[in-house]
Amino acid sequence: MLGFLFNSKEVQELEYLLKRELEEMLLDFSDKRIDCLVKRAMEERYSIMFRMYARIASPNELSKYVRRRSIGDENFT
């Protein structure tokens, strides 16, 4: 386990980067052209990014990025 000390400006930047990445992945999940194997890898990455964001975001902000359905429930055909 690693620990980091961030000042408030760095936390704001990290929050911005994580939000931008989460939003981009949410858009990519709805893209029918992306293969299911790629989406599974994206799901794993999304989970990691979401947990990182959960450490610094308020519950209200965090709720915007909760996945509505799992990868097994989506129709990839």
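Cut-offs applied
- Residues numbered from 1 in each chain as written.
- Predicted model: local features only at pLDDT ≥ 70, side-chain atom pairs only at ≥ 80, totals over all residues.
- Heavy atoms only, no water.
- 1 Å grid on protein atoms, 1.4 Å probe; cavity = no way out; pocket = protein on both sides within 12 Å on 5 of 7 lines; lining within 4 Å.
- Points joined across faces, edges and corners; volume = space filled by probe spheres on them.
- Helix = DSSP H or I, 4+ residues; strand = E, 2+ residues; numbered from the N terminus.
- Nonpolar A, V, L, I, M, F, W, Y, C, P; charged D, E, K, R; others polar.
- Phe/Tyr/Trp six-rings, centres within 6.5 Å; stacked < 30°, edge-to-face > 60°.
- Buried < 20%, exposed > 50% of the residue type's maximum accessible area, 1.4 Å probe, protein only.
- Lys NZ or Arg CZ within 6 Å of the ring centre and 35° of its normal.
- Core = buried A, V, L, I, M, F, W, Y, C linked by side-chain atoms within 4.5 Å.
- Contact = heavy atoms within 4.5 Å.

Student: Give me the lowdown on the layout of surface pockets, citing residues and values where you can.
Tutor: Of the volumes computed, that of the largest pocket is approximately 320 Å³. Around the largest pocket sit Met1, Leu2, Gly3, Phe4, Phe6, Leu14, Leu18, Ile48, Arg51, Met52, Arg55 and Ile56, which together line it. Of all elements in the fold, only helix 1 (8-29) and helix 2 (36-54) reach the threshold of two or more residues within the lining of the largest pocket. Residue contributions to the lining of the largest pocket peak at three residues, all from helix 2. Counted by class, the lining of the largest pocket contains nine nonpolar, one polar and two charged residues.

Student: Please provide a residue-by-residue account of the packing of aromatic side chains, values included.
Tutor: Summed over all chains, the structure comprises four aromatic pairs. With centroids separated by 5.7 Å and ring planes inclined at 70 degrees, the aromatic side chains of Phe29 and Tyr46 adopt a geometry described as edge-to-face. Placement of the pair is Phe29 in helix 1 and Tyr46 in helix 2, with a sequence separation of 17 residues. For Tyr46, a relative accessible area of 3% gives the class buried. Judged by centre distance (6.2 Å) and plane angle (15 degrees), the ring pair of Tyr46 and Phe50 falls under stacked. One end of the pair, Tyr46, and the other, Phe50, are both in helix 2, four residues apart, so they sit about a helical turn from each other. An aromatic cluster of three or more residues is present, and its members are Phe29, Tyr46 and Phe50. Between the NZ or CZ atom of Arg67 and the centre of the ring of Phe29, over which it lies, the distance is 3.7 Å.

Student: A description of the environment of Met52 should follow, citing residues and the corresponding values.
Tutor: Secondary-structure assignment places Met52 in helix 2. For Met52, a relative accessible area of 38% translates into the label partly exposed. Through-space distance from the C-alpha of Met52 to that of Leu14 is 9.6 Å; in sequence the pair is 38 residues apart.

Student: Can you tell me about the nonpolar core, naming the residues and giving the values?
Tutor: Formed by 13 residues in total, the largest nonpolar core has its most connected members in Leu22, Met25, Tyr46, Phe50, Tyr53 and Tyr65. Residue assignment for this core shows that the elements contributing at least two residues are helix 1 and helix 2. Not counting chain neighbours up to four residues away, the residues in contact with Phe50 comprise Leu22, Leu62, Tyr65 and Val66.

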